[in-house]
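Chains, contacts and geometry: an overview
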Amino acid sequence: MNFVKQILKPLCVIATLVVALAYSCNNREWNDDPNFELKFSSDTIFFDTIFTSIGTCTYNIKIYNTSNKPVNIKQIILKNGESSPFRINVDGVSGTTFNDVEIYANDSLFLFAKATIDPNNTSTPFICEDDILFFVNNSKQNVKLLAWGQNAHFYNDSTIKGNITLTNDKPHVIYKTLIIDTLSEINIEEGTQLCFHNDAALIVKSGAKILSHGTLENPVVFRGDKYAANKPDIDIVPGQWIGIFFENSHSNVFTYTEIRNAKVGLYIDSCDNSQTAITLHNCLISNNVSYGLRSVNANIIAANTEFSNSGGYLLSVEGASTLDFRHCTFANYFRFGSRKSSSILLANTYYDTNFNIIAAPINNALFGNCIVYGSRTEEINIRKDDNNNFNVIFKNCLIRTENNETYQTLYNNCVFNEEPKFIDVNESNFLLDSLSAAINIGNAEIILTSPLNIEYDRLGIRRELQIDAGCYSYNKTVRGL
């Protein structure tokens with residue numbers, strides 16, 4: 001009997017503790033102050049320009065209990081319920097109504113929100129809104145949800161045939177692959193936006209071409225399809241889409257056109273060496289993962305164009321009959337990972353798919369009045385086989401390089417390793433400061449003999465007596481400095 005008592009005694013103690021603990025949990029002191037208010041990291045979640053039928057990125061707010069007692073949120077309700085374009089997730093659970101959500105004393109929880117806008121018949125942006133309602137201690141609070149919706153022209157694994165004009169009435173949103181078929185011609189109106197979904201690409205087939213007619217005030221833009229006013233950096237995140245690929249295409253002309261946020265901005269392969277594959281005039285190629293522009297046996301003309309911020313080469317050339325780059329700025333301060341490549345690669349060989357070395361002579365290449373600079377000590381990579389032609393000249397350029405002594409014949413009247421003093425490399429502002437080494441080092445002949453009009457810089461400032469290297473001229477009066 002004593003033995004049984006010895007066993008039962010500790011069990012009774014444990015049972016008593018369990019009951020006491022349960023009683024304590026069910027009877028702890030909740031915050032029941034009718035004037036108590038939750039705190040939010042923001043009172044509004046703003047989704048900027050969402051294309052109809054495409055879900056946005058997910059945004060979050062943090063909900064704080066700032067009191068010393070736990071609080072019970074009786075209900076969290078998405079006001080418009082299932083008819084709302086928004087969806088919310090509370091503490092890992094999706095829905096439109098949530099009951100008895102607890103936040104411990106001096107603690108917080110996350111609420112996540114996203115939006116999908118249904119199409120309508122308007123081409124102009126429209127606003128959608130809803131509220132998240134919080135009921136606590138007989139009081140009501142709200143967080144507002146706002147989104148700009150935008151209809152678009154949609155392409156899903158599509159092929160364009162014939163001569164087509166892409167208009168600027170609505171954005172053009174591309175899923176998967178958009179193919180410009182053989183011998184087709186695409187004209188793109190000024191101000192047109194081409195927005196590519198994750199891993200989408202544009203392929204220009206043999207004999208097809210693109211004529212992109214942007215202006216200074218209304219450029220044509222190729223970019224990812226993500227927009228977010230409260231996440232401004234998303235506009236410069238690289239790798240949002242694959243890129244533009246030219247397969248034996250020539251006579252492409254891009255004027256005031258921006259190509260950004262891709263894995264490869266432009267890839268030009270195996271083009272007819274007797275013709276110009278692409279002409280870039282007053283363009284911007286920026287924030288791409290691997291290459292800004294890669295060409296294999298392609299002729300290129302580029303003027304007043306900014307090539308900036310790539311995880312790989314801004315410009316990679318493997319063979320060409322003619323290259324003509326004048327008043328271009330190559331500025332590489334990529335901040336989304338470590339750079340292992342220089343800004344420019346010039347090679348007179350390339351590797352085929354079996355890693356065989358193939359001859360690819362560069363017969364005539366001019367870089368005139370350009371800037372080639374960045375965060376590495378070597379920004380020009382020369383891969384030269386003496387058995388193949390390598391006729392390259394940098395004239396009146398500002399260059400960051402350690403090979404100027406090794407390859408002296410490549411450089412004519414250039415300035416080496418002096419700071420260009422861009423206004424703000426962290427903000428991708430590559431205008432020139434008043435102390436820039438690029439000021440007044442240019443050559444007027446390079447302007448006069450150009451196949452493109454570069455009398456004015458990329459922003460429309462006239463180049464007069466002072467000729468600065470790069471696509472932007474320093475002008476104290478015009479810049480407001």
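As shown above, the structure is provided for reference.
Computed from a predicted structure; not experimentally measured.

Reading the values: rules and limits
- Position numbers for residues start from 1 in each chain and track the written sequence from start to end.
- Note on the predicted model: pLDDT of at least 70 is required for a residue's local features to be given, and 80 or more for side-chain atom pairs to be given and counted; whole-chain, interface and lining totals, by contrast, use all residues.
- Excluded from the side-chain calculation are hydrogens and water; included are all heavy atoms of the structure.
- In this text, helices come from DSSP runs of H or I with a minimum length of four residues, and strands from runs of E with a minimum of two, each type numbered from the N-terminal end.
- Nitrogen and oxygen atoms within 3.5 Å of one another constitute a polar contact, given that in protein one can donate a hydrogen and the other can accept it, and given that sequence-neighbouring residues count only through two side-chain atoms.
- DSSP calls a pair of strands paired once it identifies at least 2 bridges connecting them.
- Burial here depends on accessible area, computed with a 1.4 Å probe over protein chains only, as a share of the maximum for the residue type. Under 20% is buried, over 50% is exposed, and the range in between is partly exposed.
- With a 1 Å grid laid over protein atoms only, a set of points is called a cavity when a 1.4 Å probe fits there but cannot get out and a pocket when it is open yet has protein on both sides within 12 Å along at least five of seven lines; lining residues have an atom within 4 Å of a point.
- Grid points are joined across faces, edges and corners, and a volume is the space filled by probe spheres set on the points.
- Ten residue types, Ala, Val, Leu, Ile, Met, Phe, Trp, Tyr, Cys and Pro, are classed as nonpolar, four, Asp, Glu, Lys and Arg, as charged, and the remainder, Gly among them, as polar.
- Criterion for a disulfide: a pair of cysteine sulfur atoms within 2.5 Å.
- Take a side-chain nitrogen of Lys or Arg and a carboxyl oxygen of Asp or Glu: if they are within 4 Å of each other, that pair is a salt bridge.
- Nonpolar cores were defined as sets of buried Ala, Val, Leu, Ile, Met, Phe, Trp, Tyr and Cys residues, with membership established by side-chain atoms within 4.5 Å.
- Contacts are assigned to residue pairs with any non-hydrogen atoms lying within 4.5 Å of each other.

1. Re the environment of tyrosine 472
- Mapping tyrosine 472 onto the fold places it in the loop between helix H2 (444–448) and helix H3 (476–479).
- Taking the C-alpha atoms as reference, tyrosine 472 lies 7.8 Å from phenylalanine 430; in sequence the two are 42 residues apart.
- A distance of 2.6 Å separates polar atoms of two side chains, one belonging to tyrosine 472 and the other to glutamate 306.

2. Quick notes on the sheet that holds strand E29 (residues 323–326)
- Across the sheet, which stays open at both edges, the 10 strands sit in the order E12-E14-E17-E20-E23-E26-E29-E34-E37-E39 with parallel pairing between neighbours. Edge positions in the sheet fall to strand E12 (163–166) and strand E39 (411–412), since each of these pairs with one other strand and no more.
- Bridge count for strand E20 (residues 252–255) against strand E23 (residues 276–281) is 4 bridges, and the pairing is parallel. Residue pairing across strands places valine 253 opposite threonine 279, the latter belonging to E23.

3. Topic: the environment of aspartate 91
- Topologically, aspartate 91 is positioned in the loop between strand E5 (86–90) and strand E6 (93–95).
- For aspartate 91, a relative accessible area of 60% gives the class exposed.
- Sequence spacing of aspartate 91 and leucine 111 is 20 residues, and the spatial spacing of their C-alpha atoms is 6.5 Å.

4. Structural notes on the layout of surface pockets
- For the largest pocket, the calculated volume is near 290 Å³.
- If you list the elements that add at least two residues to the lining of the largest pocket, you get strand E21 (257–260), strand E24 (284–288), strand E27 (306–310) and strand E42 (429–432).
- Considered class by class, the residues forming the lining of the largest pocket number 9 nonpolar, 6 polar and 5 charged.

5. Let's talk about the state of the cysteines
- On inspection of all chains with the given rule, the structure shows 0 disulfides.
- Unpaired in this structure, cysteine 283 has its nearest cysteine sulfur neighbour in cysteine 328, at a distance of 9.4 Å.
- On the accessibility criterion, cysteine 283 (1% relative accessible area) is buried.
- Free cysteine: cysteine 328, not disulfide-bonded; nearest cysteine sulfur from cysteine 370 at 4.8 Å.
- The class for cysteine 328 is buried, based on a relative accessible area of 0%.

6. Considering the pattern of salt bridges
- Evaluated as defined, the whole model comprises 17 salt bridges.
- Between lysine 384 and aspartate 386 there is a salt bridge, and its shortest N-O distance comes to 2.8 Å.
- What makes aspartate 386 exposed here is its relative accessible area of 66%.

7. Quick look at the environment of isoleucine 76
- Considering the arrangement of structural elements, one finds isoleucine 76 in strand E4 (residues 71–78).
- For the pair isoleucine 76 and asparagine 99, spaced 23 residues apart in sequence, the C-alpha to C-alpha distance is 6.6 Å.

8. Quick word on the sheet that holds strand E1 (residues 39–40)
- The 5 strands lie next to each other as E1-E3-E8-E5-E6, forming an open sheet whose pairing is antiparallel. Unpaired on one side and paired on the other, E1 and E6 mark the two borders of the sheet.
- Here 3 bridges tie E5 to E6, and the two strands are oriented antiparallel to one another. Bridging from a neighbouring strand, isoleucine 88 pairs with glycine 95 of E6.

9. Remarks on the pairing of strand E8 (residues 107–115)
- Pairing of strand E3 (residues 59–65) with E8 involves 7 bridges; the strand directions are antiparallel. Pairing of asparagine 65 across the sheet is with aspartate 107, part of E8.
- With 5 bridges connecting them, E5 and E8 associate as antiparallel partners. Residue pairing across strands places phenylalanine 86 opposite alanine 115, the latter belonging to E8.

10. Some thoughts on the nonpolar core
- In this structure, Phe222, Phe325, Phe367 and Phe394 are the most contacted members of the largest nonpolar core, which totals 60 residues.
- In this structure, phenylalanine 222 is in contact with Ile188, Leu194, Phe196, Leu202, Ser212, Trp241, Ile244, Phe254, Thr257, Glu258, Ile259 and Arg260, ignoring residues within four places of it in sequence.
- In terms of nonpolar packing, the next biggest core, distinct from the first, is built from 30 residues, Leu38, Val101, Ile117 and Phe134 among them.

Read these as layout, nothing more, since geometry by itself doesn't imply function.
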